[in-house]
Amino acid sequence: MLKPGDKMPEFSVIDQNGNNVSSKDLIGKKTIIYFYPKDNTSGCTAQACNIRDNYQALANAGYNVIGVSKDSAASHVKFIEKNSLPFTLLADTTTQMQQDFGVWGEKKLYGRTYMGTMRRTFIFNEEGILERIIEKVDTKNHTSQILTQ
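What counts and how
Numbering of residues starts from 1 in every chain and runs along the sequence as written. Under the rules for a predicted model, residues below a pLDDT of 70 receive no local features and side-chain atom pairs below 80 are neither given nor counted, while totals for whole chains, interfaces and linings still include all residues. Computation of side-chain values covers all heavy atoms of the structure but excludes hydrogens and water. Each helix is a run of H or I in the DSSP string that is no shorter than four residues. Each strand is a run of E no shorter than two, and both are numbered from the N terminus. When accessible area is computed with a 1.4 Å probe and restricted to protein chains, residues below 20% of their type maximum are described as buried, those above 50% as exposed, and intermediate ones as partly exposed. Contacts are assigned to residue pairs that have any heavy atoms within 4.5 Å of one another. Counted as salt bridges are all cases of a side-chain nitrogen of Lys or Arg within 4 Å of a carboxyl oxygen of Asp or Glu. In protein, a polar contact requires one atom able to donate a hydrogen and another able to accept it; more generally it is a pair of N or O atoms within 3.5 Å, and residues adjacent in sequence count only if both atoms are side-chain atoms. Strand pairing is defined by DSSP finding a minimum of two bridges between the two strands. For helices, the axis comes from a line fit to the C-alpha atoms of the stretch in contact; other axes are also lines fit to C-alpha atoms, and the angle between any two N-to-C directions lies between 0 and 180 degrees.

Asker: Could you clarify how one ought to interpret the side chain of Q47 in this entry?
Answerer: Relative to the helices and strands, Q47 is located in helix α1 (residues 42–53). Relative accessible area serves as the criterion here: at 0%, Q47 is assigned to the buried category. Once you skip the residues sitting within four places of it in the chain, Q47 turns out to touch Y34, Y36, R119, T121, V137, T139 and H142.

So, in structure tokens, the structure goes:
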């Protein structure tokens, strides 16, 4: 599990447009990487829309925002178009990036155990050093959690 002070894990995955995005591309920018379980589900949509509605405040604070799930690039395109999302979504279809960040793990729902994505947000400085992790994400008020130190 990552902890504050750790370097950003190295990764290279595609975004919604099929462009390769790597951890090296993010050095030099303050970056928010948020992991969410699935496009077009109620909690994930609430979280994405909260970030969308407050995107300018995040940009004004100098943040680059990236969402990550195991959904395909095509699914991300539909999610972005449906909700007018102004930020990049990465398609971690192999879950390797999620494993490297420690957010892929065992979950329970209605007594059933399965592997899935833990909803977590990682905030990195310009040097790619982890400053903060938000483990208990409030999907409807996530931007205020990010901007409140």
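Asker: Help me understand the pattern of salt bridges, please; the structure alone is not making it clear to me.
Answerer: Side chains bearing opposite charge may pair, as long as their charged atoms lie close to each other. This structure, assessed with the given rule, holds five salt bridges. When the shortest N-O distance is used, the salt bridge between R120 and E135 registers 3.7 Å. Separated by 15 residues along the polypeptide, R120 in strand β8 (residues 120–124) and E135 in the loop between β9 (130–134) and α5 (142–147) bring together distant segments of the chain. The exposure class assigned to R120 is buried, which follows from its relative accessible area of 15%.

Asker: I keep staring at the environment of N141 and nothing clicks. Help me out?
Answerer: With respect to the element layout, N141 can be found in the loop between β9 and α5. Each C-alpha atom of the pair N141 and F122 lies 16 Å from the other, and the pair is 19 residues apart in sequence. Polar contacts involving the side chain of N141 include one to the side chain of D138, which spans 3.0 Å.

Asker: Looking at this structure, how should I read the sheet that holds strand β2 (residues 20–22)?
Answerer: Strands belonging to one sheet form pairs held by backbone hydrogen bonds; the direction of such a pair is parallel or antiparallel. If you trace the seven strands from one edge of the open sheet to the other, you get β2-β1-β5-β4-β3-β8-β9, paired in mixed fashion. Two strands close off the open sheet at either side, each with one partner strand: β2 and β9. Averaged over all adjacent pairs, the angle separating strand axes in this sheet is 30°, with direction ignored. Direction of pairing for strand β4 (residues 63–69) relative to strand β5 (residues 88–91): parallel, over a ladder of four bridges. Following the sheet pairing, I66 is matched in β5 by T88. Lying over the sheet, helix α3 (residues 73–83) contacts β1 (12–15), β4 and β5, oriented at roughly 155° with respect to β5.

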